[in-house]
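Structural description and commentary
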Amino acid sequence: MEILVSSNTITINGNIKSVNDFQEIKQAADSVIIQHKSLILNLTDSLSITSSVIGYLNKLVLKDGIDIHMNIGDEQLLHLIEDLNLTSTFKAKKA
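A brief look at the structure comes next. (Residues numbered from 1 in each chain as written. Predicted model: local features only at pLDDT ≥ 70, side-chain atom pairs only at ≥ 80, totals over all residues. Heavy atoms only, no water.)

1. Comments concerning the overall build of the protein chain
Counting secondary structure elements, the protein chain contains three helices and five strands. Element order for the protein chain, N to C, with α for helix and β for strand: β-β-α-β-α-β-α-β. At 12 Å, the protein chain has a C-alpha radius of gyration in line with the 12 Å of a compact globule built from 95 residues. Dimensions along the principal axes, computed over C-alpha positions, put the protein chain at roughly 30 × 25 × 25 Å. In the protein chain, which comprises 95 residues, the proportion classed as buried is 41%. At a minimum sequence separation of 6, the contacts of the protein chain that also span at least 24 residues come to 59%. Between the mean site of the 8 positive side-chain charges and the mean site of the 11 negative ones, the protein chain shows a separation of 8 Å. (Helix = DSSP H or I, 4+ residues; strand = E, 2+ residues; numbered from the N terminus. Rg over C-alpha atoms; globule rule 2.2 N^0.38 Å. Buried < 20%, exposed > 50% of the residue type's maximum accessible area, 1.4 Å probe, protein only. Contact = heavy atoms within 4.5 Å. Lys, Arg positive; Asp, Glu negative; His and termini not counted. Charge placed at Lys NZ, Arg CZ, Asp CG, Glu CD.)

2. Remarks on the nonpolar core
Ranked by size, the top nonpolar core spans 29 residues in total, and within it L39, L57, L60, I68 and M70 carry the most contacts. When contributions to this core are tallied by element, the ones reaching two or more residues are β2 (9-13), α1 (19-33), β3 (38-43), α2 (51-62), β4 (67-72) and α3 (75-83). If near-sequence neighbours (up to four positions away) are discounted, M70 is found in contact with L41, L43, L57, I81, F90, K91, A92 and K93. (Core = buried A, V, L, I, M, F, W, Y, C linked by side-chain atoms within 4.5 Å.)

Structure below.
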């Protein structure tokens, strides 16, 4: 997995699958939300997302009031977000 951060945008290339991936994503998001109240997540080709990442992003939206826009490249991951009823929470759409 590779993470690129630019302003309030985080682009993630590769699959999100490990605890280390979660820690990298959390560090990147934490660095963005210090300066911004919105976060754009581009998940270019990940087939899945770990529950720890989902829980963390959910906390950002519901507790911290961060506005998240998620652009998802993989149809399977988009369906997972839809199945979890998180499409509106994360403002998820097909990239």
